Amino acid sequence: MTTKINQNQNQQHLSEQLQLLSTFDYWDSLAYCHGYHQNLDKETATELELLNVFAACLTSDPDEDGDIAVAIDRRQRLTLVLARDSGSGGGPTKADINATRDLISVLTDTECDYRSRVFPVILSRCRKSMCKYMQKLHALLVDPAFLKLESAAIKGYLQRGADYLNTDQGEAALSPTDVLNHLQVMKSLSQKPLPDTQREAFDVYYSLAWYCWNLTISNFMKYLYARCSKSEQDRLLVEKLNRRLGNVSQYVTGVRKLIKTVKHYFPTGEVPFRWIDDDFSSSSSSSSSLLHLDPYADAIQKHATSSSSSTPTSPSTTAKFIHHPSLIQKWDSNRHITTHVHAEIRLLLHLSAHNARSSSSSAQHTDMAPLPIGCSRLACLCCYWWIRAYNRQFGTRWVTCGSRGRPRADWELPARGVKGRGGVETGNGAMEGGEVSVPNEQVKKIVGACLESYFSGCR
Ligand SMILES: [Zn+2]
(Lines give C-alpha, C1' and ligand atoms only; values in the text may rest on other atoms or scores of the structure.)
Protein backbone atom coordinates (compact mmCIF):
# COMPACT_ATOMS: atom_id res chain seq x y z
CA MET A 1 0.00 0.00 0.00
CA THR A 2 2.81 2.39 0.95
CA THR A 3 4.63 1.47 -2.27
CA LYS A 4 1.51 2.31 -4.25
CA ILE A 5 1.17 5.73 -2.59
CA ASN A 6 4.85 6.50 -3.16
CA GLN A 7 4.49 5.43 -6.76
CA ASN A 8 1.57 7.81 -7.28
CA GLN A 9 3.46 10.65 -5.60
CA ASN A 10 6.51 9.97 -7.77
CA GLN A 11 4.36 10.04 -10.90
CA GLN A 12 2.57 13.22 -9.85
CA HIS A 13 5.89 14.94 -9.11
CA LEU A 14 7.43 13.82 -12.41
CA SER A 15 4.35 14.74 -14.46
CA GLU A 16 4.34 18.24 -12.97
CA GLN A 17 8.00 18.67 -13.83
CA LEU A 18 7.43 17.41 -17.37
CA GLN A 19 4.43 19.67 -17.78
CA LEU A 20 6.48 22.65 -16.60
CA LEU A 21 9.21 21.81 -19.12
CA SER A 22 6.57 21.50 -21.86
CA THR A 23 5.04 24.81 -20.81
CA PHE A 24 8.48 26.43 -21.18
CA ASP A 25 8.86 24.78 -24.61
CA TYR A 26 12.04 23.13 -23.34
CA TRP A 27 14.05 20.60 -25.32
CA ASP A 28 17.03 18.62 -24.15
CA SER A 29 19.86 19.13 -26.63
CA LEU A 30 21.84 16.20 -25.21
CA ALA A 31 19.03 13.71 -25.85
CA TYR A 32 18.57 15.23 -29.29
CA CYS A 33 22.26 15.03 -30.22
CA HIS A 34 22.88 11.53 -28.90
CA GLY A 35 19.54 10.20 -30.01
CA TYR A 36 19.33 11.68 -33.46
CA HIS A 37 22.90 11.18 -34.63
CA GLN A 38 23.42 7.54 -33.89
CA ASN A 39 26.32 5.55 -35.21
CA LEU A 40 24.49 2.48 -36.41
CA ASP A 41 25.78 -0.13 -38.80
CA LYS A 42 24.08 -0.11 -42.20
CA GLU A 43 22.00 -3.23 -41.58
CA THR A 44 20.58 -1.94 -38.28
CA ALA A 45 19.95 1.52 -39.74
CA THR A 46 18.00 -0.01 -42.65
CA GLU A 47 16.01 -2.32 -40.39
CA LEU A 48 15.18 0.60 -38.13
CA GLU A 49 14.14 2.78 -41.04
CA LEU A 50 11.83 0.08 -42.41
CA LEU A 51 10.29 -0.62 -39.01
CA ASN A 52 9.65 3.12 -38.65
CA VAL A 53 7.86 3.12 -42.01
CA PHE A 54 5.79 0.10 -40.98
CA ALA A 55 4.80 1.81 -37.72
CA ALA A 56 3.96 5.05 -39.56
CA CYS A 57 1.73 3.16 -42.03
CA LEU A 58 -0.37 1.94 -39.10
CA THR A 59 -0.67 5.28 -37.33
CA SER A 60 -3.85 7.15 -38.12
CA ASP A 61 -3.15 10.22 -36.00
CA PRO A 62 -0.35 10.18 -33.40
CA ASP A 63 -1.67 13.30 -31.66
CA GLU A 64 -5.05 11.70 -30.99
CA ASP A 65 -4.41 7.95 -30.96
CA GLY A 66 -0.85 7.82 -29.63
CA ASP A 67 2.25 6.30 -31.12
CA ILE A 68 2.90 2.80 -32.39
CA ALA A 69 6.13 0.85 -31.99
CA VAL A 70 7.19 -2.30 -33.83
CA ALA A 71 10.11 -4.70 -33.51
CA ILE A 72 11.05 -8.16 -34.72
CA ASP A 73 10.94 -11.13 -32.42
CA ARG A 74 13.63 -13.48 -33.76
CA ARG A 75 13.44 -16.25 -31.23
CA GLN A 76 11.99 -18.96 -33.44
CA ARG A 77 10.36 -17.72 -36.59
CA LEU A 78 10.53 -14.04 -37.49
CA THR A 79 7.47 -12.33 -36.03
CA LEU A 80 6.51 -8.67 -36.01
CA VAL A 81 5.58 -7.48 -32.52
CA LEU A 82 3.57 -4.30 -32.14
CA ALA A 83 2.59 -2.01 -29.29
CA ARG A 84 0.77 1.26 -28.99
CA ASP A 85 0.81 3.89 -26.25
CA SER A 86 -1.24 2.16 -23.58
CA GLY A 87 -3.77 5.02 -23.30
CA SER A 88 -6.35 3.13 -25.33
CA GLY A 89 -6.54 0.31 -22.78
CA GLY A 90 -3.33 -1.63 -23.25
CA GLY A 91 -4.26 -3.91 -26.11
CA PRO A 92 -4.85 -3.14 -29.77
CA THR A 93 -8.24 -2.16 -31.12
CA LYS A 94 -10.00 -4.28 -33.72
CA ALA A 95 -9.14 -1.58 -36.24
CA ASP A 96 -5.41 -1.95 -35.36
CA ILE A 97 -5.49 -5.67 -36.05
CA ASN A 98 -7.42 -5.27 -39.31
CA ALA A 99 -5.11 -2.48 -40.47
CA THR A 100 -2.03 -4.63 -39.78
CA ARG A 101 -3.55 -7.51 -41.72
CA ASP A 102 -4.50 -5.26 -44.66
CA LEU A 103 -1.07 -3.66 -44.77
CA ILE A 104 0.75 -7.00 -44.71
CA SER A 105 -1.60 -8.34 -47.34
CA VAL A 106 -0.75 -5.57 -49.83
CA LEU A 107 2.97 -5.55 -49.00
CA THR A 108 3.23 -9.26 -49.74
CA ASP A 109 0.95 -9.30 -52.78
CA THR A 110 3.01 -10.77 -55.63
CA GLU A 111 1.41 -8.52 -58.21
CA CYS A 112 1.42 -5.57 -55.94
CA ASP A 113 0.66 -2.34 -57.76
CA TYR A 114 1.43 0.70 -55.60
CA ARG A 115 -1.17 2.98 -57.13
CA SER A 116 -4.16 0.65 -57.18
CA ARG A 117 -3.42 -1.62 -54.19
CA VAL A 118 -0.99 -0.12 -51.68
CA PHE A 119 -1.81 3.59 -51.71
CA PRO A 120 -5.55 3.10 -51.02
CA VAL A 121 -4.77 0.96 -47.94
CA ILE A 122 -2.29 3.50 -46.58
CA LEU A 123 -4.54 6.45 -47.35
CA SER A 124 -7.54 4.91 -45.62
CA ARG A 125 -5.56 4.46 -42.39
CA CYS A 126 -3.14 7.41 -42.46
CA ARG A 127 -4.91 10.28 -44.24
CA LYS A 128 -4.81 12.47 -41.13
CA SER A 129 -1.11 11.80 -40.47
CA MET A 130 -0.24 12.41 -44.13
CA CYS A 131 -2.10 15.73 -44.12
CA LYS A 132 -0.36 16.75 -40.89
CA TYR A 133 3.06 15.99 -42.35
CA MET A 134 2.17 18.01 -45.44
CA GLN A 135 1.09 20.95 -43.26
CA LYS A 136 4.28 20.76 -41.23
CA LEU A 137 6.41 20.70 -44.37
CA HIS A 138 4.55 23.69 -45.72
CA ALA A 139 4.92 25.62 -42.46
CA LEU A 140 8.69 25.08 -42.57
CA LEU A 141 9.03 26.04 -46.24
CA VAL A 142 7.33 29.41 -45.61
CA ASP A 143 8.99 30.05 -42.24
CA PRO A 144 10.98 33.35 -42.46
CA ALA A 145 14.02 31.74 -40.78
CA PHE A 146 14.01 28.96 -43.38
CA LEU A 147 13.46 31.38 -46.28
CA LYS A 148 16.50 33.37 -45.13
CA LEU A 149 18.60 30.22 -45.01
CA GLU A 150 17.25 29.08 -48.37
CA SER A 151 18.12 32.34 -50.11
CA ALA A 152 21.69 32.45 -48.71
CA ALA A 153 22.23 28.76 -49.52
CA ILE A 154 21.02 29.12 -53.10
CA LYS A 155 23.45 32.02 -53.62
CA GLY A 156 26.34 29.95 -52.29
CA TYR A 157 25.24 26.98 -54.36
CA LEU A 158 25.13 29.14 -57.51
CA GLN A 159 28.72 30.23 -56.92
CA ARG A 160 29.86 26.62 -57.07
CA GLY A 161 29.17 26.66 -60.82
CA ALA A 162 28.46 23.28 -62.36
CA ASP A 163 29.96 21.42 -59.38
CA TYR A 164 26.54 19.93 -58.82
CA LEU A 165 27.19 17.57 -61.72
CA ASN A 166 29.82 15.77 -59.63
CA THR A 167 27.60 13.53 -57.59
CA ASP A 168 28.27 10.37 -55.65
CA GLN A 169 26.40 7.19 -56.38
CA GLY A 170 22.70 7.50 -55.73
CA GLU A 171 22.70 11.28 -55.43
CA ALA A 172 20.47 13.44 -57.59
CA ALA A 173 22.32 16.23 -59.40
CA LEU A 174 20.11 19.27 -58.96
CA SER A 175 21.09 22.62 -60.44
CA PRO A 176 20.20 25.79 -58.48
CA THR A 177 17.22 26.25 -60.81
CA ASP A 178 16.10 22.65 -60.15
CA VAL A 179 16.32 23.25 -56.39
CA LEU A 180 14.19 26.40 -56.61
CA ASN A 181 11.72 24.53 -58.75
CA HIS A 182 11.55 21.63 -56.25
CA LEU A 183 10.94 24.01 -53.34
CA GLN A 184 8.30 25.93 -55.27
CA VAL A 185 6.38 22.80 -56.31
CA MET A 186 6.56 21.38 -52.77
CA LYS A 187 5.22 24.63 -51.33
CA SER A 188 2.33 24.60 -53.73
CA LEU A 189 1.44 20.89 -53.37
CA SER A 190 1.60 20.95 -49.57
CA GLN A 191 -0.50 24.09 -49.25
CA LYS A 192 -3.92 22.41 -49.29
CA PRO A 193 -5.23 19.26 -47.59
CA LEU A 194 -5.29 16.10 -49.69
CA PRO A 195 -8.23 16.00 -52.14
CA ASP A 196 -11.16 13.78 -51.11
CA THR A 197 -11.10 11.41 -54.04
CA GLN A 198 -8.52 8.67 -53.98
CA ARG A 199 -7.36 9.28 -57.53
CA GLU A 200 -6.73 12.99 -56.98
CA ALA A 201 -5.17 12.36 -53.57
CA PHE A 202 -2.77 9.92 -55.19
CA ASP A 203 -1.77 12.41 -57.92
CA VAL A 204 -1.00 15.15 -55.37
CA TYR A 205 0.68 12.98 -52.77
CA TYR A 206 2.76 10.88 -55.12
CA SER A 207 4.09 13.95 -56.87
CA LEU A 208 4.87 15.71 -53.57
CA ALA A 209 6.59 12.62 -52.18
CA TRP A 210 8.70 12.32 -55.31
CA TYR A 211 9.93 15.92 -55.03
CA CYS A 212 10.64 15.43 -51.31
CA TRP A 213 12.62 12.27 -51.94
CA ASN A 214 14.57 13.74 -54.83
CA LEU A 215 15.60 16.73 -52.73
CA THR A 216 16.56 14.43 -49.83
CA ILE A 217 19.00 12.46 -51.97
CA SER A 218 20.29 15.49 -53.87
CA ASN A 219 23.72 17.00 -53.75
CA PHE A 220 22.05 20.26 -52.66
CA MET A 221 21.04 18.59 -49.40
CA LYS A 222 24.63 17.47 -48.89
CA TYR A 223 25.79 21.01 -49.63
CA LEU A 224 23.27 22.38 -47.09
CA TYR A 225 24.56 20.07 -44.34
CA ALA A 226 28.17 21.03 -45.04
CA ARG A 227 27.31 24.73 -45.16
CA CYS A 228 25.41 24.68 -41.88
CA SER A 229 27.87 22.67 -39.84
CA LYS A 230 29.10 25.75 -38.00
CA SER A 231 25.77 27.32 -37.12
CA GLU A 232 23.65 25.37 -34.66
CA GLN A 233 20.51 27.27 -35.58
CA ASP A 234 20.95 26.57 -39.30
CA ARG A 235 21.89 22.96 -38.66
CA LEU A 236 18.69 22.42 -36.70
CA LEU A 237 16.70 23.95 -39.56
CA VAL A 238 18.35 21.65 -42.12
CA GLU A 239 17.71 18.63 -39.92
CA LYS A 240 14.12 19.71 -39.55
CA LEU A 241 13.83 19.97 -43.34
CA ASN A 242 15.32 16.50 -43.71
CA ARG A 243 12.81 15.10 -41.18
CA ARG A 244 9.86 16.82 -42.85
CA LEU A 245 10.90 15.52 -46.29
CA GLY A 246 11.33 12.02 -44.88
CA ASN A 247 7.96 12.08 -43.11
CA VAL A 248 6.16 12.91 -46.34
CA SER A 249 8.12 10.62 -48.66
CA GLN A 250 8.08 7.57 -46.34
CA TYR A 251 4.57 6.58 -47.47
CA VAL A 252 5.86 6.21 -51.04
CA THR A 253 9.61 5.60 -51.22
CA GLY A 254 9.82 4.03 -47.75
CA VAL A 255 6.93 1.71 -48.55
CA ARG A 256 8.48 0.68 -51.86
CA LYS A 257 11.65 -0.30 -50.02
CA LEU A 258 9.55 -2.12 -47.44
CA ILE A 259 7.81 -4.16 -50.16
CA LYS A 260 11.15 -5.36 -51.53
CA THR A 261 12.45 -6.29 -48.08
CA VAL A 262 9.28 -8.06 -46.99
CA LYS A 263 9.44 -10.19 -50.13
CA HIS A 264 13.05 -11.03 -49.38
CA TYR A 265 12.49 -12.02 -45.73
CA PHE A 266 9.06 -13.57 -46.15
CA PRO A 267 9.11 -15.25 -49.58
CA THR A 268 6.05 -17.33 -48.72
CA GLY A 269 4.03 -14.15 -48.28
CA GLU A 270 3.12 -15.06 -44.72
CA VAL A 271 4.21 -12.47 -42.14
CA PRO A 272 3.39 -13.51 -38.57
CA PHE A 273 2.55 -10.63 -36.24
CA ARG A 274 1.18 -10.05 -32.77
CA TRP A 275 0.06 -6.99 -30.84
CA ILE A 276 0.94 -6.96 -27.17
CA ASP A 277 -1.57 -6.19 -24.46
CA ASP A 278 0.57 -6.12 -21.31
CA ASP A 279 0.60 -2.48 -20.35
CA PHE A 280 3.30 -2.24 -17.62
CA SER A 281 1.34 0.61 -16.09
CA SER A 282 1.89 1.63 -12.49
CA SER A 283 -1.75 2.55 -12.25
CA SER A 284 -3.69 -0.27 -10.61
CA SER A 285 -7.14 0.41 -12.01
CA SER A 286 -6.41 0.72 -15.71
CA SER A 287 -3.62 1.04 -18.20
CA SER A 288 -3.56 4.81 -17.84
CA SER A 289 -4.25 7.29 -15.08
CA LEU A 290 -5.71 10.76 -14.93
CA LEU A 291 -3.69 13.26 -12.94
CA HIS A 292 -4.82 16.65 -11.69
CA LEU A 293 -1.79 18.87 -11.50
CA ASP A 294 -1.38 21.60 -8.90
CA PRO A 295 -2.25 25.19 -9.80
CA TYR A 296 0.54 26.87 -11.77
CA ALA A 297 1.83 29.15 -8.98
CA ASP A 298 2.01 26.21 -6.54
CA ALA A 299 3.86 24.07 -9.08
CA ILE A 300 6.42 26.82 -9.74
CA GLN A 301 6.87 27.44 -6.03
CA LYS A 302 7.34 23.73 -5.35
CA HIS A 303 9.72 22.87 -8.20
CA ALA A 304 11.75 26.07 -8.40
CA THR A 305 12.55 25.99 -4.72
CA SER A 306 12.77 22.22 -4.39
CA SER A 307 14.95 21.04 -1.53
CA SER A 308 16.71 18.59 -3.87
CA SER A 309 17.88 21.49 -6.01
CA SER A 310 21.55 22.35 -5.58
CA THR A 311 20.95 25.93 -6.68
CA PRO A 312 17.50 27.07 -5.55
CA THR A 313 15.93 29.68 -7.78
CA SER A 314 15.90 33.19 -6.34
CA PRO A 315 12.55 34.60 -5.10
CA SER A 316 12.61 37.35 -7.74
CA THR A 317 13.03 34.84 -10.60
CA THR A 318 10.33 32.63 -9.11
CA ALA A 319 8.01 35.65 -8.93
CA LYS A 320 8.70 36.45 -12.60
CA PHE A 321 7.59 32.94 -13.57
CA ILE A 322 4.55 32.99 -11.30
CA HIS A 323 3.21 36.19 -12.85
CA HIS A 324 3.79 35.24 -16.48
CA PRO A 325 0.31 35.45 -18.14
CA SER A 326 0.96 33.27 -21.21
CA LEU A 327 2.64 30.52 -19.15
CA ILE A 328 -0.27 30.55 -16.67
CA GLN A 329 -2.71 30.20 -19.55
CA LYS A 330 -0.73 27.37 -21.13
CA TRP A 331 -0.54 25.51 -17.81
CA ASP A 332 -4.23 25.98 -17.01
CA SER A 333 -5.31 24.50 -20.32
CA ASN A 334 -3.24 21.36 -19.65
CA ARG A 335 -3.77 20.73 -15.95
CA HIS A 336 -5.55 17.41 -16.29
CA ILE A 337 -3.42 14.84 -18.03
CA THR A 338 -3.72 11.15 -18.72
CA THR A 339 -0.44 9.33 -18.36
CA HIS A 340 0.45 6.01 -19.97
CA VAL A 341 3.49 3.90 -20.67
CA HIS A 342 4.85 4.82 -24.07
CA ALA A 343 4.80 2.25 -26.86
CA GLU A 344 8.56 1.74 -27.24
CA ILE A 345 8.99 0.96 -23.54
CA ARG A 346 6.08 -1.47 -23.52
CA LEU A 347 7.60 -3.27 -26.47
CA LEU A 348 11.06 -3.36 -24.92
CA LEU A 349 9.77 -4.78 -21.63
CA HIS A 350 7.61 -7.33 -23.40
CA LEU A 351 10.45 -8.61 -25.59
CA SER A 352 12.96 -8.53 -22.72
CA ALA A 353 10.74 -10.81 -20.69
CA HIS A 354 10.33 -13.18 -23.62
CA ASN A 355 14.04 -13.17 -24.37
CA ALA A 356 14.78 -13.80 -20.69
CA ARG A 357 12.49 -16.83 -20.60
CA SER A 358 14.06 -18.33 -23.68
CA SER A 359 17.61 -17.01 -23.37
CA SER A 360 19.03 -20.34 -24.46
CA SER A 361 17.13 -20.28 -27.75
CA SER A 362 18.18 -16.71 -28.58
CA ALA A 363 21.78 -17.52 -29.24
CA GLN A 364 21.63 -15.42 -32.41
CA HIS A 365 21.51 -12.34 -30.20
CA THR A 366 24.80 -11.69 -28.55
CA ASP A 367 24.67 -9.30 -25.62
CA MET A 368 25.56 -6.21 -27.61
CA ALA A 369 23.69 -6.97 -30.84
CA PRO A 370 21.51 -3.96 -31.67
CA LEU A 371 17.79 -4.49 -31.14
CA PRO A 372 15.91 -1.97 -33.27
CA ILE A 373 12.49 -0.66 -32.26
CA GLY A 374 10.69 1.22 -35.02
CA CYS A 375 8.41 4.05 -33.92
CA SER A 376 5.88 6.22 -35.63
CA ARG A 377 7.59 9.31 -34.15
CA LEU A 378 10.95 10.21 -32.65
CA ALA A 379 11.25 9.21 -28.99
CA CYS A 380 10.45 11.73 -26.28
CA LEU A 381 13.01 12.93 -23.74
CA CYS A 382 12.01 10.37 -21.07
CA CYS A 383 11.85 7.37 -23.43
CA TYR A 384 15.29 8.27 -24.74
CA TRP A 385 16.92 8.48 -21.27
CA TRP A 386 14.97 5.51 -19.93
CA ILE A 387 16.06 3.17 -22.76
CA ARG A 388 19.64 4.40 -22.45
CA ALA A 389 19.63 3.68 -18.71
CA TYR A 390 18.08 0.26 -19.31
CA ASN A 391 20.76 -0.61 -21.87
CA ARG A 392 23.50 0.40 -19.45
CA GLN A 393 22.05 -1.68 -16.68
CA PHE A 394 21.49 -4.85 -18.67
CA GLY A 395 24.16 -4.61 -21.35
CA THR A 396 21.55 -4.53 -24.11
CA ARG A 397 21.44 -2.31 -27.20
CA TRP A 398 17.84 -1.38 -27.80
CA VAL A 399 17.82 1.38 -30.39
CA THR A 400 15.04 3.64 -31.61
CA CYS A 401 14.84 6.10 -34.46
CA GLY A 402 16.25 8.92 -32.34
CA SER A 403 14.90 11.63 -30.11
CA ARG A 404 13.92 15.26 -30.42
CA GLY A 405 14.62 15.68 -26.71
CA ARG A 406 11.11 16.99 -26.11
CA PRO A 407 9.35 16.28 -22.79
CA ARG A 408 5.87 14.75 -22.85
CA ALA A 409 3.81 15.17 -19.71
CA ASP A 410 1.79 12.01 -20.46
CA TRP A 411 4.91 9.87 -19.90
CA GLU A 412 4.27 7.27 -17.22
CA LEU A 413 6.88 5.49 -15.13
CA PRO A 414 6.60 1.82 -16.11
CA ALA A 415 6.14 -0.79 -13.40
CA ARG A 416 6.95 -4.44 -13.29
CA GLY A 417 8.71 -6.97 -11.17
CA VAL A 418 10.40 -9.01 -13.87
CA LYS A 419 14.14 -9.36 -14.21
CA GLY A 420 15.56 -8.27 -17.54
CA ARG A 421 17.76 -11.18 -18.45
CA GLY A 422 17.80 -14.77 -17.30
CA GLY A 423 15.51 -13.83 -14.42
CA VAL A 424 12.07 -14.80 -13.30
CA GLU A 425 8.92 -12.91 -12.58
CA THR A 426 9.10 -11.65 -9.05
CA GLY A 427 6.24 -9.25 -8.59
CA ASN A 428 2.80 -8.28 -9.76
CA GLY A 429 2.08 -5.77 -12.49
CA ALA A 430 1.19 -2.95 -10.13
CA MET A 431 4.48 -2.80 -8.23
CA GLU A 432 7.52 -0.93 -9.32
CA GLY A 433 10.55 -3.14 -9.03
CA GLY A 434 12.82 -5.50 -10.91
CA GLU A 435 14.45 -4.06 -13.97
CA VAL A 436 12.47 -0.84 -14.16
CA SER A 437 13.55 0.78 -10.90
CA VAL A 438 17.03 1.88 -12.02
CA PRO A 439 15.94 3.45 -15.34
CA ASN A 440 12.95 5.02 -13.56
CA GLU A 441 15.23 6.62 -10.97
CA GLN A 442 17.57 7.80 -13.71
CA VAL A 443 14.71 9.49 -15.61
CA LYS A 444 13.47 11.22 -12.46
CA LYS A 445 16.98 12.52 -11.82
CA ILE A 446 17.46 13.78 -15.38
CA VAL A 447 14.09 15.50 -15.56
CA GLY A 448 14.80 17.22 -12.22
CA ALA A 449 18.20 18.34 -13.55
CA CYS A 450 16.65 19.66 -16.81
CA LEU A 451 14.21 21.76 -14.81
CA GLU A 452 16.90 23.01 -12.47
CA SER A 453 19.14 24.02 -15.37
CA TYR A 454 16.24 25.81 -17.00
CA PHE A 455 15.47 27.84 -13.89
CA SER A 456 19.13 28.60 -13.26
CA GLY A 457 19.53 29.80 -16.88
CA CYS A 458 16.69 32.28 -16.33
CA ARG A 459 18.20 34.19 -13.47
ZN1 LIG B 1 8.10 8.53 -25.12
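In case you missed it, the structure is sitting above this.
Just so it is clear, the model here is predicted, and its values are computed rather than measured. (Residues numbered from 1 in each chain as written. Predicted model: local features only at pLDDT ≥ 70, side-chain atom pairs only at ≥ 80, totals over all residues.)

Moving on, we get to the overall build of the protein chain. Tallying secondary structure elements over the protein chain gives 17 helices and eight strands in all. Considering only residue pairs separated by 6 or more positions, the protein chain has 77% of its internal contacts joining residues 24 or more positions apart. (Helix = DSSP H or I, 4+ residues; strand = E, 2+ residues; numbered from the N terminus. Contact = placed C-beta atoms within 7 Å.)

Looking now at the packing of helix H6 (residues 114-141) against helix H8 (residues 176-189). Contact pair H6 / H8: the axes reach a minimum separation of 9 Å and the direction vectors enclose 130 degrees. Comparing their axes, H8 and H6 come out oblique. Between H6 and H8 the crossing geometry is left-handed. Every residue of H8 that contacts H6 at Leu137, His138 and Leu141 is listed here: Leu183, Met186 and Lys187. Considered class by class, the residues forming the contact of H6 with H8 number four nonpolar, one polar and one charged. (Axes fitted to C-alpha atoms, helices over the stretch in contact; angles between N-to-C directions. Parallel < 35°, antiparallel > 145°, perpendicular 65-115°, else oblique. Left-handed = near helix turned anticlockwise from the far one by under 90°. Nonpolar A, V, L, I, M, F, W, Y, C, P; charged D, E, K, R; others polar.)

If you look at the biggest cluster of nonpolar residues, it comprises 106 residues, and the most contacted ones within it are Cys57 and Ala69. Counting the residues that make up this core, at least three belong to each of domain 1 (1-109 + 273-357 + 367-416 + 434-458) and domain 2 (118-265). Non-local contacts of Ala69, meaning those with residues more than four positions away in its chain, are made with Ala55, Ala83, Ala343, Glu344, Leu347, Ile373, Gly374 and Cys375. (Core = buried A, V, L, I, M, F, W, Y, C linked by C-beta atoms within 7 Å. Buried ≥ 20, exposed ≤ 12 C-beta atoms within 10 Å, placed from the backbone. Domains from an automatic or database assignment.)

All right, on to the packing of helix H3 (residues 42-56) against helix H11 (residues 232-265) then. Contact geometry for H3 and H11: axes closest at 9 Å, N-to-C directions at 115 degrees. Relative to H11, the crossing made by H3 is left-handed. Contact with H3, carried on its side by Leu50, Val53, Phe54 and Ala56, involves Gln250, Gly254, Val255, Lys257, Leu258 and Thr261 of H11 and no other residues of that element.

Limitation: the analysis is restricted to geometry and does not speak to function.
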